[in-house]
Amino acid sequence: MPVATPSVDVVTFGCRLNALDSAAVKQAASLAGLERAVIVNTCAVTGEAVRQARQAIRRLKREDPERRILVTGCAAQTEPETFAGMEEVSRVVGNAAKTEIDTWALARAALDFGVGAEEKVAVSDIMGVRETALHMVDGIEGRTRAFVQVQNGCDHRCTFCVIPYGRGNSRSVPMGAVVAEVRRLVESGYAEIVLTGVDLTSYGTGLPGTPRLGTLVRAVLRHVPELKRLRLSSIDSIEADDELIAAIAEEERLMPHLHLSLQAGDDLILKRMKRRHSRADAIAFCEKVRRLRPDMVFGADIIAGFPTETEAHFRNSLGLVEECGLSHLHVFAFSPRAGTPAARMPPVDGPVVKERARRLREAGDVALLRHLSAEVGTRREVLAEIGGTGRTPGFTGVRLARPAEPGTLFPVRIAGHDGTRLIAA
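What counts as what
Residues numbered from 1 in each chain as written. Predicted model: local features only at pLDDT ≥ 70, side-chain atom pairs only at ≥ 80, totals over all residues. Heavy atoms only, no water. Disulfide = S-S within 2.5 Å. Buried < 20%, exposed > 50% of the residue type's maximum accessible area, 1.4 Å probe, protein only. Salt bridge = Lys/Arg side-chain N within 4 Å of Asp/Glu carboxyl O. Helix = DSSP H or I, 4+ residues; strand = E, 2+ residues; numbered from the N terminus. Right-handed = clockwise from strand over helix to strand, strands pointing away. Pairing = 2+ DSSP bridges. Axes fitted to C-alpha atoms, helices over the stretch in contact; angles between N-to-C directions.

Draft legend 1. Summary view of the state of the cysteines. Inspection of the entire model under this criterion finds zero disulfides. Left without a disulfide partner, Cys158 is nearest to the cysteine sulfur of Cys161, which lies 6.1 Å away. On the basis of relative accessibility, which here comes to 10%, the residue Cys158 falls in the buried class.

And the structure:
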């Protein structure tokens, strides 16, 4: 097997899945012999994410004019001409094969032998991809937990979202391959594994027998008994299957933290977003799960200022923080994405969007403070991270009282908090 060279850097924007992709991209590009290069792995979820990627590309070129810059990721897939038009960029690579060695070997050859402006783009039709494979990486640099991508793409077409056009349709990794990868990572020393995907709760699409996410969770926990902690990334609550709910209630090694893709708390706005749940559905899900698992901690994505959103609509979203008992908010100020239906809807004034996002974040700060205060005096098993910090089972950050080896698990007593994280005694 070829030996990876150390001269490829990857700059990552966006989600945890992109971070996992970046680890695989770096490994593949290095094995392909790409040298003196920076690969920018972009995000397309907001216009701001694209702007930041372009800004980073210009900065990277100023810092080292001789280093070649290649661009990949969701924004490269959805708007390749944006990056191909930048003189700083040498190559634009699509999402479909960005983790394959051959992709970067072709890129290397094109760069070494010279490439014309019209040949800069190597982006195929992502909608034609029908399968997905595991990223065989040993972890993400700087992370003490390992991520396993079990699903990619999305079959839904929310009116605000461009991600399906960057990631393609939903496809899943066979359960046996997932179990084998989890076992390999546990044997490598990881105590905590995170199952991740673009639309994780659609897991099983296209697989024989159409297993659901709950089936996969049970299989991982049953066949890898040495695994200390299993965690899920963002889920769509309306897609949560009965077996997943049962696993949440019964499996102590499945961590009591769920990040929900809620997006709004008003039924009319949810309908205009083309979401598949109602306000009542979201509240009922949180109540049901909390009855089954009283220590469950919820986070959520919520968009402020979606087109046509009135103050009354917004207050329903704001109220969802209390009614669902959310502790960790990820707030997005609405950003229109070209080609999506929402971009053609009557917009909310920019200052109003920013003000509503601020109010949502303030509500999130209050909710987090309430959660932190409730944790004081408890004993929690913490996974140590880099920098003298750790995470509880509920994914709450903890400042440790003494240094600990990153990746180790140990019990602590929670003595207090500083308003953003817990403090261990």
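Alright, that's what it looks like, and here's the rest.
Draft legend 2. Broad picture of the pattern of salt bridges. Per the stated rule, a full pass over the model turns up 31 salt bridges. One salt bridge in this structure joins Arg51 and Glu48, with 2.7 Å as the shortest N-O distance. Here Arg51 pairs with Glu48, and both are found in helix 2 (residues 47–63), just three residues apart, close to one helical turn. Across the salt bridge formed by Arg218 and Glu243, the nearest N and O atoms sit 2.8 Å from each other. Taken together, the residues Arg218 in helix 8 (residues 213–223) and Glu243 in helix 9 (residues 242–250) connect sequence positions 25 residues apart. Classification of Arg218 as buried rests on a relative accessible area of 15%. Sharing partners across several salt bridges, the network here consists of Arg145, Glu192, Arg229, Arg231, Glu385 and Arg391.

Draft legend 3. Molecular detail of the pairing of strand 2 (residues 37–42). Across the six residues that make up strand 2, a large majority, six, are buried. Of the two faces of strand 2, both are covered, the one formed by Ala37, Ile39 and Asn41 as well as the one formed by Val38, Val40 and Thr42. Between strand 1 (residues 8–12) and its parallel partner strand 2, the chain crosses via helix 1 (residues 16–31), and the hand of that crossover is left-handed. Of the strand pairs in this sheet, strand 2 and strand 3 (residues 68–73) are connected by six bridges, and their pairing is parallel.

Draft legend 4. The arrangement of the sheet that holds strand 13 (residues 326–333) in detail. Taking strand neighbours across the sheet as the criterion, the three strands line up as 11-12-13 in an open arrangement whose pairing is parallel. Bordering the open sheet on either side are strand 11 (257–263) and strand 13, each of which pairs with just one other strand. Taking each pair of neighbouring strands and ignoring which way they run, the sheet shows an average axis angle of 20 degrees. Where strand 11 meets strand 12 (residues 297–304), six bridges bridge the pair, whose relative direction is parallel. Counted as the bridge partner of Ser261 is Asp301 from strand 12.

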